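The chain contents come next:
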Amino acid sequence: MKVFVVFVILLVHVSQHASAVELYEGEFVLLPCEFQTFDMDDPTVVWSRYDLNPSTVHQRQQEGDELKDQNQLYSSRTSMMTDALETGDLSLNLTKLLLSDSGTYTCSVRSFRGERKLQDVQLQVKE
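Residues numbered from 1 in each chain as written. Predicted model: local features only at pLDDT ≥ 70, side-chain atom pairs only at ≥ 80, totals over all residues. Heavy atoms only, no water.

Remarks on the pairing of strand β9 (residues 103–111)
Part 1 of the argument: In terms of burial, β9 is a largely internal element, seven of the nine residues being buried.
Part 2 of the argument: Bridge count for β9 against strand β10 (residues 114–126) is nine bridges, and the pairing is antiparallel. Residue pairing in the sheet places S108 in a bridge with K117 of β10.
Part 3 of the argument: Linking β9 back to β10 in an antiparallel pair, the connection comprises two residues. (Buried < 20%, exposed > 50% of the residue type's maximum accessible area, 1.4 Å probe, protein only. Helix = DSSP H or I, 4+ residues; strand = E, 2+ residues; numbered from the N terminus. Pairing = 2+ DSSP bridges.)

Quick notes on the nonpolar core
Taken as a class, soluble globular proteins show a tendency for nonpolar side chains to be buried jointly.
Part 1 of the argument: The biggest cluster of nonpolar side chains holds 26 residues, and the ones touching the most others in it are V29, V45, W47, L90, Y105 and L123.
Part 2 of the argument: The greatest single-element share of this core, amounting to four residues, is contributed by β10.
Part 3 of the argument: Sequence-distant contacts of V45, that is, excluding residues within four places in its chain, are made with H58, Q59, R60, M80, L85, L90, C107, S108 and V109. (Core = buried A, V, L, I, M, F, W, Y, C linked by side-chain atoms within 4.5 Å. Contact = heavy atoms within 4.5 Å.)

A word on the environment of E34
Part 1 of the argument: Position of E34 among the secondary structure elements: in the loop between β3 (29–31) and β4 (44–48).
Part 2 of the argument: Looking at E34, the relative accessible area reads 67%, which means it is exposed.
Part 3 of the argument: Put simply, E34 and A84 are 50 residues apart on the chain and 9.1 Å apart in space, counted from C-alpha to C-alpha.
Part 4 of the argument: With sequence-adjacent residues up to four places away left out, E34 is seen in contact with G88, D89 and L90.

Focus: the side chain of D101
Part 1 of the argument: Its location among the elements puts D101 in the loop between β8 (92–94) and β9.
Part 2 of the argument: A distance of 2.8 Å separates the side chain of D101 from the backbone nitrogen of L98, its partner in a polar contact.
Part 3 of the argument: Residue contacts for D101: discarding those within four places in its chain leaves R49, Y74, R77, L94, K96, L123 and V125. (Polar contact = N/O pair within 3.5 Å; in protein donor to acceptor, adjacent residues only side chain to side chain.)

Some remarks on the sheet that holds strand β7 (residues 78–79)
Working definition: the strands of a sheet are paired by backbone hydrogen bonds and lie parallel or antiparallel to each other.
Part 1 of the argument: As summarised here, the arrangement of the three strands in space is β3-β8-β7, forming an open sheet in which the pairing is antiparallel. The sheet is open, and its two edges are formed by β3 and β7, each paired on a single side.
Part 2 of the argument: With three bridges joining them, β3 and β8 adopt antiparallel strand pairing. If you follow L31 over to β8, its bridge partner there is L92.

Pasting the structure below:
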């Protein structure tokens, strides 16, 4: 029987948060990220892994998901709440975890004013 283990460590670094999550292959995870975007013009949330090319894991705009630049390793395995930009819950749901999903995920918000890195989440997937 596999044991479901989650370790969350929050470290504050200049209004940025880092956390670590450890799970088993085949499970799912909700990578946390929160930020109020109501005062931003046309915001876009981007979850990235900068060690991959392309680096985009998931992207969401006001109109919905924009997955044309998504890394194919994540095809059909990511989702965000449909009202994420309204509620500020920018968390990413990642399903059917693979060992290769281990890495650092970055949640960022982009708008006409530029980009703001919000959170890094370290994911470790075990056999």
